Amino acid sequence: MSVNEAHRLRLDPIATPDRLLLGPGPSNADPRVLQAIARPPLSHLDPLYLELMNEVQEMLRYAWQTDNRFTIPVSGTGSAAMEATIANTVEPGETVVVGVIGYFGKRLVDMCGRYGAKVVEVSAPWGEALSLDTLTQAVEQHKPAVLALVHAETSTGVQQPLDGIGDLCRAHDCLLLLDTVTSLGGVPLKLDEAKVDLAYSCSQKGLSCPPGLGPFTMGPRAEEKLDRRSGKVPNWYLDMSGLKSYWGSQRTYHHTAPVNMNYGLREALRLLCEEGLENSWARHRRNSEELWAGLERMGLELHVPLSHRLPTLTTVKIPDGVDGKAFATHLLNKHGVEIGNGLGDLAGRVWRVGLMGTNSKPENVERLLNLLDLELPAFRQGSAAA
Ligand SMILES: *Cc1c(COP(=O)(O)O)cnc(C)c1O
């Protein structure tokens, strides 16, 4: 296109609709968060911004219930923070045991392999969790440097129990790495009590902020492992030894922080602190219980047994004869409501309904149940009402 043809690129202003995002993420951002993001940017070295960074760190520690000094939002989505945990603590040739109970466990396996780890996969069927016995056996047999688990497996709706796993890792001099992307803020979790050494999350699920930041935390045992690495962290951007100088007392430039996203995260965490962590956990549980009861009243089946069911994400079995994808598309197009389709082993078998952050409220449960009541019968008869 020539320099004179700019008129061809002159588009209308952005006009995205208001959707209700009840899928696996992103969830809706709280209006207060969006207002905060709209503030004019400061420099990433402005003293006022440096103060804001401290506030975000302090509130993140609260959200995770950790005293870890090194707790920061990584510039990037949850996967960037995920990669940061591995890049910093796994050295080539080291063994990592990964608990695979769904799609995101597989992503951990892929990442660990790329950083040269000897990866041992310990798997459970999609819809189940791993037992302490199984994990104990794996750790005793393979003596890994790191055990990586997904606390809230968004692809299946399963919550991985953590009882005893922290002690197991300490007893075998192994770091415990935990994916808390779909649990932070919505699922009971106290990182230090659970003896978790490394964890990551995202901004766009339980925290009611748009995607763009990946909370990351590293405890003293993980920091020590980073300090005694034999080689450099093979990823410049995510190298915490470099980032430490920006987030620590020196405040030297590493990369330009996405300052407006951090405004948003600050407001999102402020909302969480106003509500109180335990109240937020209880709210997520209460609203999901309402959803489960409503779905079951309608004759729909849930994929995960109550004992391991996540309060942030519910997998609902697609009734026989219903085209699940077509139904989800119909809800989005006709009603502006998003629910998620199945992933991996569960593709075509379940819908994924997220009630996370600000979206976890009775009105949303009611709206979705009413929509299912209204729209599903036509799809059950195979006559897609499109
Ligand atoms: C969403 C998700 C991720 C990836 O986060 P992104 O923000 O999409 O990069 C990782 N793990 C789990 C369990 C998730 O649900």
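Scroll up to find the structure this text is about.
Residues numbered from 1 in each chain as written. Predicted model: local features only at pLDDT ≥ 70, side-chain atom pairs only at ≥ 80, totals over all residues. Heavy atoms only, no water.

### Some details on unusual backbone geometry
Here comes step 1: In this structure, Pro26 follows Gly25 across a cis peptide bond, with omega equal to 0°.
Here comes step 2: With respect to the element layout, Pro26 can be found in the loop between strand 1 (20–21) and helix 1 (31–37).
Here comes step 3: The phi torsion at Ser208 lies on the positive side, around 60°, for a residue other than glycine.
Here comes step 4: Summarising the element assignment, Ser208 is placed in the loop between strand 9 (198–200) and strand 10 (213–218).
Here comes step 5: Residue class for Ser208 comes out buried when judged on its relative accessible area of 7%. (Helix = DSSP H or I, 4+ residues; strand = E, 2+ residues; numbered from the N terminus. Buried < 20%, exposed > 50% of the residue type's maximum accessible area, 1.4 Å probe, protein only.)

### A look at the sheet that holds strand 9
Working definition: the strands of a sheet are paired by backbone hydrogen bonds and lie parallel or antiparallel to each other.
Here comes step 1: In spatial order, the strands read 2-10-9-8-5-3-4; together these seven strands make up an open sheet with mixed pairing. Two strands close off the open sheet at either side, each with one partner strand: strand 2 (70–75) and strand 4 (118–123). On average, adjacent strands in this sheet sit at an angle of 20° to one another, irrespective of strand direction.
Here comes step 2: Pairing between strand 5 (residues 146–150) and strand 8 (residues 175–179): five bridges, direction parallel. Each bridged residue has a counterpart across the sheet, and for Leu149 the counterpart in strand 8 is Leu178.
Here comes step 3: In this fold helix 2 (residues 47–64) packs onto strand 2, strand 9 and strand 10, with an angle of close to 105° to the strand it touches most, strand 2. (Pairing = 2+ DSSP bridges. Axes fitted to C-alpha atoms, helices over the stretch in contact; angles between N-to-C directions. Contact = heavy atoms within 4.5 Å.)

### Examining the site of the ligand
Here comes step 1: In the vicinity of the ligand lie 13 residues, with Thr77, Ser79, Thr154, Asp179 and Lys205 positioned nearest.
Here comes step 2: At 2.7 Å from an oxygen atom of the ligand is found a side-chain nitrogen or oxygen belonging to Thr77.
Here comes step 3: One of the side-chain nitrogen or oxygen atoms of Ser79 is found 2.6 Å away from an oxygen atom of the ligand.
Here comes step 4: Its free accessible area being 380 Å², the ligand has 90% of it covered by the protein chains.
Here comes step 5: Mapped by element, the contributors of at least two residues to the shell around the ligand are helix 3 (78–89) and helix 4 (103–114).
Here comes step 6: Class assignment for the residues of the shell around the ligand results in four nonpolar, six polar and three charged. (Near = heavy atom within 4 Å. Polar contact = N/O pair within 3.5 Å; in protein donor to acceptor, adjacent residues only side chain to side chain. Areas by Shrake-Rupley, 256 points an atom, 1.4 Å probe, with all protein chains shown as cover. Nonpolar A, V, L, I, M, F, W, Y, C, P; charged D, E, K, R; others polar.)

Honestly, that's just the spatial picture; any functional story needs more than this.
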